[in-house]
Amino acid sequence: MAKVLVLRTAGVNCDEETAHAFRLAGGEVSVLHVGSLLRGEERLEEFDVLAIPGGFSYGDDLGAGTVRANQLRTRLAGDLHDFVDEGKLVIGICNGFQVLVRLGILPGWEGDKVASLIENVSGKFEDRWIDLRVETDQCPFLDCKGEHGAPCPRYLRAPVAHREGRFFLRDPDLLERLRDNGQIALTYRQGSGDDDPEPAAAGGAYPANPNGSVLDISGICNEKGNVLGLMPHPERFVHRLQGPSWTRNPPGASESALETLSSAGDGFSIFSGAVGFVNDRADKIR
Amino acid sequence: MTSLRTWEVEVHWREACGDDPRAVELRGQLADWLDCRDCGIRVSSLFYLRGEALEEEQVSLAIEHLLSDPVTQECELRDLGDGEKLSDPMAGGDGGHVATVRKKTGVMEPVEESLLKGLDDLGMGGLMVRLALRVRLSLSMTAEQRELVGEKVLSNPAIEDVFWDQEEIPSPFSAAAPYEFSLGKVELSGVDDDGLVALSLEGQLSLNLDEMCTIRDHFESLGRPATDIELETIAQTWSEHCCHKTLPARIEHEGPDGEKFVYENLLKETIARATEELMAKEETPFCLSVFKDNAGVVAFDDEYGISFKVETHNHPSAIEPYGGAGTGIGGVLRDTLGTGLGAKPIVNTDVFCFGPPDLAMEELPAGALHPLRVLRGVVSGVRDYGNRMGIPTASGALYFDDRYIGNPLVYCGSVGLIPRSMVEKVVNPGDRVVALGGRTGRDGIHGATFSSVELTEESETVSSGAVQIGNAITEKKFLDVLIKARDRGLYRSVTDCGAGGFSSAVGEMGEDTGARVDLEKVPLKYEGLSYWEIWISEAQERMVFAVEPEKYAEFEALAESEGVECTDIGEFTGNGKLELFYEGNQVCDLGMKFLHGGRPPASLTSVFRKPEAEEPGDGCDLDAGALLRAILASPNVASKEWVIRQYDHEVQGRSIIKPLQGKDADGPGDGVVFTPRYDSLRGIAVGCGMNPCYGDIDPYRMAVSAVDEAIRNIVACGGNPARTAILDNFCWGNTDRPETLGSLVEAARGCYDAAMALGTPFVSGKDSLNNEFRTGDGTLSIPPSLLISSLAMVEDISCSVTMDLKAPGNCLLLVGATLAELGGSHYAKFSGGGGDVPHLPPEAFQIHQAMHEAILQRLVRSCHDLSEGGLAVAVAEMSFSGGVGARLRLADVPRPGGEDGLDDPGLLFSESNCRYLVEVSEENKDAFLSIFAGLPAASIGQTCEGETLDVVGQDGAEVVLSESLEGLRSSWKEPLIFDAV
């Protein structure tokens, strides 16, 4: 069974629902404070998937994810890089994405720091549901073909809730490198409700692109695809009734409670894809 | 020999990265005060780092990894040597002006704590750090303009200092002098009335003469002077804020028709009495803990209970809106954590009352902050605290009235999940007194007594010590510890340090046992605090636990593993005394009995006279459509989306019915539904009711209307009215005036009658009196402001409904009777006069039950309660939120009063209680109506294709209103957007 580590630290606040999402997908989940790794009570290498959940680590007082990234860099850098190099899976959601970018694990290129997630163009924290398109086919979390788990919808919805989510590259030329490498994982789309099967590109327009990210980027992965960072919160939409507009198409009277309880939301496949990928890999090795 | 070295790091935006977001925001704020269109604005953060032989290399490391984002920011590094003299802010500048903004000494700065943590990870433990903000403006300003901008835009003088240009900036590292113990004694024996009043005033004790006399007599009987800390402890414990003197007082009341009532204890005989009588009728237990703990608790399922508490933080928010509101939410979350053995917060609520945001500057009374500034600050405060804690802020309301200008109201609520086995707690003699969380500083001294008196134009300066600044992360950290320690059974009791600090927390917990505390053991933020300051400081983010001695080591280890400070500061003794020591010297020796039972009972008189009845007006010049647009655009009705979106209402993944609903997720939901457990289809619904416009005319009916609205809110989205609990929050003016107290008594009577009629118990409540603002010209008192919050069980979340219309071709049914009771309505504001305030109809209970039954049977596609603006506003909101047109026939509106003088606009805008507008498919219409047999309910129209709302008048022919959905929507959506950019 895929062993998933949901890594907490002070101010992380999406650990519970992230753990729930992985459990629902069949993962064996441990929620640990980073201190238990630092003190050597637990070891990162024991796990198959590392989830860095959202929140306001250390209040984000020095910029989103800064203190948390600094903590991981100074105390766990080697273990983290080994984990990534072995092809194990890492997902950073919202504050976790900001941490991965601060650490340079995303986009994961050698050399200078090139990327950052900066303050939204709107200048404020905003919570809204957005539409997304999966742009990559090399990331096990975004498995549209359903090779390992529930197929990921090509178009999905999820809530965003952040103030610093605008993906920014120091040098615009690097965008091409990102695109050519297939590292653009998710983009914002111009949704118009549930009945729109293929929403158009957001084209930078607010609020479909809620933060002003270049090329509507809402998530990126590393070159190998085993590390994914994204601003939206798929863990908040693993069940249909968590969605924004299910009352416009509600469960029928004939649907059983069990059926209702087990109907997935758009975000579920992201966790199931990862768990399935690990399980399949273990089968192959065996 | 020491060689402290200080560095100054200035971090600013890299120009090549485009516009600096901070400068853009500041430009927007400055524009209210001066013409800065073409002026250059540069904002930078200043960090001062000081340490033993601190090298440039180390500081550079900190810059790279902590102080700046190398992708978007640039830095300048300056060696300040011994740090006694700071760099010249004007150096290298291009003229213009430079402002340096810094927190006053002793005011909490959360960023410093995070920075110290980061430096520690970099191997730079033990440094001293300070922060400041520097703003460079390339324009010429007069001294007056500088002062204005400094005070109104760049800083809040209550907590920050601004230094302009070459003004000397004192070293940020000025160390406080260490405290030297000396016991303060106050001889009370023989002091006369005037002397006692003076003592109370000078010591900011806010004790009245009666109370001072009781205290004098007590110490005379002991034959010794009081100590200062004993007086402080009594003042905190007896403050209106901590123990509520007024509602439980003996009150002789004269009602509107001259009838006399005598209440020995108003609270017990109205609000608590309703709960008692309803609990006696419960077949399965619902109320698990009422009126005795930090929050009320009701049953959720066999395993869990739900706690609910709403607090106010009005006076702190008037002076420092951001800090006041943030610590308001922080405080109510600690109430949840301190309920039983600790509930886990799962939903926040917020209700605000402000002065008009477009108030002209010249109308702003001296000493008051502008309503827009208060609004922005309060919303940011709740946002930053709630979001950082990871708790969805999802339910609330916003009201505007001129009388809230100097004294805004900030209600913060918290809903928690608690195992039913953990609702009770007990302190045993021998348990340790354990403090957990943040350190104690000089913040919030006299907050409890300060909030119990009215505000004046000097409050801003006199009471700045009462301002608290919160640090949400400290609270989030001990939340994590508390829940783990609770589940491991590591303590026996817990409560929060709120108003009155340790004095109230330890005083309350030790009421039945007694307690001994060694005050020098309390960890401090900085040196220099006296023993009594330690005892009453309201520094935020602290909890007190009663821990069995044998479990303390495990408790401490757990706290340490999460990076939370935990200190054993004393013992719950068993001798019934409150004994305080400082370095071995006894400074307090009070009997718990006197402290908690010695306050002289208050005896008050009150009177309520009905204001001259205003006859219904002659109608207004606007046609129905224009009137509808005007009401939709009025601030109490217009969209609150700007506020709502700044709160994370999805965190924790429990949100089922959202605050913003409909096709484009912008419609105004009545209530919200959350699922406390991921593995269950059971949920809770949360809503509220309030209408300050009614209180001036009829506070009794204001109260019943607020209760009814709170119930409608939760029923409309799927809550079960028979499993609903409510909370009361009374915010009133100075109740020393019999008329002001009279309106409160009337409202309390209304609370009792409504709770009994609707079968909904009150489980907790709080009041905040003396909400007045005194200026040279007189006193501005708030209108009677009763907030009722509701919490309902939802049997099956998959039956929940939203308010947006779903499809054309469905029936629109109106449930409940419409009457000629337009007093206090929005219609009355435009037409003049209005008549009676809406009453609670006798069939209210059955209507809510029937509505719930119809929703459970899945007969309802959408449902919206009728409140401000009545039927017209409800149908408009439903239509434009769903993108579905509607056509109504006023002739079919149920009106058991018959021809009662309601014309077409009256029917459209009446705010009669107990009404819902419901969308039902044609095939389900009969089934729906059969549930309402014998109750007022009728089909009054259809949903239709097309983007218009049409209403046919009572005569059955004339179209009295025809509006495009887009026009209605934009009237409603645009007024309350307050972006500075």
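Keep in mind it's a predicted model, so treat the numbers as computed, not measured. (Residues numbered from 1 in each chain as written. Chains lettered and ligands numbered in written order. Predicted model: local features only at pLDDT ≥ 70, side-chain atom pairs only at ≥ 80, totals over all residues. Heavy atoms only, no water.)

Student: Run through the overall build of chain A, naming residues and quoting values.
Tutor: Broken down by element type, chain A carries 7 helices and 12 strands. Taking 2.2 N^0.38 as the reference for a compact globule, 286 residues should give roughly 19 Å; the C-alpha atoms of chain A span a radius of gyration of 18 Å, in line with that estimate. When the backbone C-alpha atoms are referred to their principal axes, chain A occupies close to 55 × 45 × 35 Å. For chain A, the residues scored as buried account for 63% of the 286 residues in total. Restricting the contact set of chain A to residue pairs at least 6 apart, pairs at least 24 apart contribute 78%. Split by element, the accessible area of chain A, about 10,100 Å² in all, is 47% carbon and sulfur. Placing the 30 positive and 42 negative side-chain charges of chain A at their respective mean positions leaves the two points 3 Å apart. (Helix = DSSP H or I, 4+ residues; strand = E, 2+ residues; numbered from the N terminus. Rg over C-alpha atoms; globule rule 2.2 N^0.38 Å. Buried < 20%, exposed > 50% of the residue type's maximum accessible area, 1.4 Å probe, protein only. Contact = heavy atoms within 4.5 Å. Areas by Shrake-Rupley, 256 points an atom, 1.4 Å probe, with all protein chains shown as cover. Lys, Arg positive; Asp, Glu negative; His and termini not counted. Charge placed at Lys NZ, Arg CZ, Asp CG, Glu CD.)

Student: Residue-level account of empty space enclosed by the protein, with values.
Tutor: Residue and element names in this part refer to chain B. Enumeration over the complete set of coordinates arrives at 9 cavities of 30 Å³ or more. In this structure, the largest cavity occupies an estimated 730 Å³ of space. Looking at the lining of the largest cavity, the elements that each hand over two or more residues are β14 (344–354), β15 (393–400), α22 (641–644), β30 (683–689), α24 (699–717), β37 (862–865) and α28 (870–882). Among the elements that line the lining of the largest cavity, the one with the most residues is β15, at 7 residues. For the lining of the largest cavity, the per-class residue count stands at 20 nonpolar, 12 polar and 9 charged. (1 Å grid on protein atoms, 1.4 Å probe; cavity = no way out; pocket = protein on both sides within 12 Å on 5 of 7 lines; lining within 4 Å. Points joined across faces, edges and corners; volume = space filled by probe spheres on them. Nonpolar A, V, L, I, M, F, W, Y, C, P; charged D, E, K, R; others polar.)

Student: Could you give me a rundown of the state of the cysteines, with the residues and numbers involved?
Tutor: Residues and elements named next belong to chain B. Scanning the entire structure with this criterion turns up 0 disulfides over all chains. Its sulfur unpaired, cysteine 811 is 12 Å from the next cysteine sulfur, which belongs to cysteine 944. Overall, the relative accessible area of 0% leaves cysteine 811 in the buried class. (Disulfide = S-S within 2.5 Å.)

Student: Any details on the interface of chain A and chain B? Residues and values, ideally.
Tutor: The interface of chain A with chain B comprises 56 residues on the first partner and 68 residues on the second. The three residues of chain A that bury the most area against chain B are Leu62(A), Asp127(A) and Arg248(A), which together make up 13% of that side's buried surface. In this assembly, chain A and chain B are joined by 11 salt bridges. Asp69(B) is paired through a salt bridge with Arg102(A); the nearest N and O atoms lie 3.7 Å apart. Of all the secondary structure elements, the ones that give two or more residues to the side of chain A that touches chain B are α1 (15–24), α3 (66–85), β5 (115–118), β6 (126–134), β7 (155–162) and α6 (257–261) of chain A. At 7 residues, α3(A) tops the list of elements feeding residues into the side of chain A that touches chain B. A breakdown of the residues in the side of chain A that touches chain B according to their chemical character gives 23 nonpolar, 15 polar and 18 charged. (Buried area = accessible area lost by both parts, 1.4 Å probe. Salt bridge = Lys/Arg side-chain N within 4 Å of Asp/Glu carboxyl O.)

Student: Let's hear about the domain arrangement of chain B: which residues, and what values?
Tutor: Residues and elements named next belong to chain B. Assigned domains within chain B: domain 1 (4–164), domain 2 (204–253 + 261–269 + 425–599), domain 3 (284–424 + 639–797) and domain 4 (607–632 + 801–981). Here the C-alpha centre of domain 2 lies 37 Å away from the C-alpha centre of domain 1. Each partner contributes residues to the interface: domain 1 has 8 residues there, and domain 2 has 10 residues. When domain 1 packs against domain 2, close to 750 Å² is buried across both sides, 62% of that on carbon and sulfur atoms. The three residues of domain 1 that bury the most area against domain 2 are Gly106, Met108 and Ala158, which together make up 58% of that side's buried surface. Between the two partners, domain 1 and domain 2, sit 0 residue pairs in polar contact (both at pLDDT 80 or more). (Domains from an automatic or database assignment. Polar contact = N/O pair within 3.5 Å; in protein donor to acceptor, adjacent residues only side chain to side chain.)

Student: Please provide a residue-by-residue account of a negative patch on the surface, values included.
Tutor: Together, Asp171(A), Asp173(A), Glu176(A) and Asp180(A) line one region of the surface with negative charge. Structurally, the position occupied by Asp173(A) is in the loop between β8 (166–169) and α5 (174–180). (Patch = residues over 30% accessible without salt bridge, like charges linked within 9 Å, V, L, I, M, F, W, Y side chains within 5 Å.)

Student: Kindly report on the pairing of strand β23 (residues 577–582) of chain B, identifying the contributing residues and their values.
Tutor: All names here are of chain B. The buried count for β23 comes to 5 of 6 residues, which makes it a mostly enclosed element. Both β23 and strand β24 (residues 585–591) contribute to a ladder of 6 bridges, which runs antiparallel. Looking at the pairing, lysine 577 lines up with glycine 591 of β24. (Pairing = 2+ DSSP bridges.)

Student: An account of the sheet that holds β37(B) is needed here, citing residue identities and associated values.
Tutor: Residues and elements named next belong to chain B. Read from one edge to the other, the open sheet built from 7 strands follows the order β37-β39-β36-β40-β38-β41-β42, with strand pairing classed as mixed. Every other strand in the sheet has two partners, leaving β37 and β42 (959–964) as the edge strands with one partner each. The mean angle between the axes of side-by-side strands here comes to 20 degrees, regardless of whether they run parallel or antiparallel. Note: strand β38 (residues 885–889) against strand β40 (residues 937–944), 4 bridges, orientation antiparallel. (Axes fitted to C-alpha atoms, helices over the stretch in contact; angles between N-to-C directions.)

Student: Which residues make up the packing of aromatic side chains, and what are the values?
Tutor: Residue and element names in this part refer to chain B. Following the criterion strictly, the structure yields 19 aromatic pairs over all chains and no others. Seen from their ring centres, phenylalanine 354 and phenylalanine 400 are 6.3 Å apart, and the 45 degrees between their planes marks the pair as tilted. Pair noted here: phenylalanine 354 is in strand β14 and phenylalanine 400 is in strand β15, with a separation of 46 residues, a long-range link. By relative accessible area, which is 1% here, phenylalanine 354 ends up buried. Phenylalanine 400 sits in the buried class, given a relative accessible area of 10%. Taken together through their ring pairs, the aromatic side chains of Tyr179, Phe181, Tyr531 and Tyr582 make up a single cluster. Above the face of the tyrosine 678 ring, arginine 654 is positioned so that its terminal group lies 5.1 Å from the ring centre. (Phe/Tyr/Trp six-rings, centres within 6.5 Å; stacked < 30°, edge-to-face > 60°. Lys NZ or Arg CZ within 6 Å of the ring centre and 35° of its normal.)

Student: Describe the sheet that holds β14(B), listing the residues and the values that go with them.
Tutor: Residue and element names in this part refer to chain B. Taken in spatial order, the 6 strands line up as β11-β12-β13-β16-β14-β15 in an open sheet, and their pairing is mixed. With partners counted over all chains shown, the strands left at the sheet margins are β11 (287–289) and β15, one partner each. On average, each strand axis in the sheet is tilted by 20 degrees relative to the strand beside it, whichever way the strands run. Taken together, the 9 bridges between strand β13 (residues 304–312) and strand β16 (residues 409–419) define a ladder with antiparallel strand orientation.

Student: Tell me about the pattern of salt bridges, residues and numbers included.
Tutor: In this structure the tally under the stated criterion is 85 salt bridges over all chains. Of the charged contacts in the structure, one is a salt bridge between Asp979(B) and Lys124(A), with a shortest N-O distance of 2.7 Å. With Asp979(B) in the segment after α31 (965–973) and Lys124(A) in the loop between β5 and β6, this pair bridges two chains. Classification of Asp979(B) as partly exposed rests on a relative accessible area of 33%. Residue Lys124(A) is classed as buried on the basis of its relative accessible area, which comes to 9%. For Arg5(B), the salt bridge goes to Asp79(B), with nearest N and O atoms at 2.8 Å. Of this pair, Arg5(B) sits in strand β1 (residues 4–13) while Asp79(B) sits in strand β3 (residues 73–79), and the two are 74 residues apart along the sequence. The exposure class assigned to Arg5(B) is partly exposed, which follows from its relative accessible area of 24%.

Student: Give a description of the side chain of His848(B) that names residues and reports values.
Tutor: All names here are of chain B. Mapped onto the elements of the fold, histidine 848 is located in helix α27 (residues 844–856). Note on histidine 848: relative accessible area 1%, which makes it buried. Sequence-distant contacts of histidine 848, that is, excluding residues within four places in its chain, are made with Asp708, Ile711, Arg712, Val715, Pro721, Leu758, Cys914 and Tyr916.

Student: Any chance you could break down the packing of α28(B) against α31(B) for me, citing the residues and the numbers?
Tutor: Residues and elements named next belong to chain B. Contact geometry of α28 with α31 gives a least axis separation of 9 Å together with a crossing angle of 105 degrees. For the element pair α28 / α31, the angle class is roughly perpendicular. Contact with α28, carried on its side by Ala876, Glu877, Ser879 and Phe880, involves Leu965, Leu968, Arg969 and Trp972 of α31 and no other residues of that element. Split by residue class, the contact of α28 with α31 holds 5 nonpolar, 1 polar and 2 charged. (Parallel < 35°, antiparallel > 145°, perpendicular 65-115°, else oblique.)

Student: Could you give an account of the nonpolar core, with specific residues and numbers?
Tutor: Membership of the largest hydrophobic core comes to 77 residues, with the highest contact counts inside it found for Phe22(A), Leu50(A), Ile91(A), Phe141(A), Leu142(A), Phe167(A) and Leu228(A). Here this core takes 7 residues from helix α7 (residues 268–285) of chain A, the largest share from any one element. Counting 68 residues, the second-largest nonpolar core is a separate cluster that includes Trp732(B), Ala854(B), Val920(B) and Phe928(B). (Core = buried A, V, L, I, M, F, W, Y, C linked by side-chain atoms within 4.5 Å.)

Student: Requested: an account of α24(B), with residues and values cited.
Tutor: Residue and element names in this part refer to chain B. For α24, spanning 19 residues, the distance from its first C-alpha to its last is 28 Å, which sits close to the expected 27 Å at 1.5 Å a residue. Most of α24 sits inside the fold, with 17 of its 19 residues counted as buried. With a side-chain oxygen positioned 3.1 Å from the backbone nitrogen of tyrosine 700, the residue opening α24 is aspartate 698. Of the residues trailing α24, glycine 718 is marked for its positive phi of about 130 degrees. (Expected span 1.5 Å × (residues − 1).)

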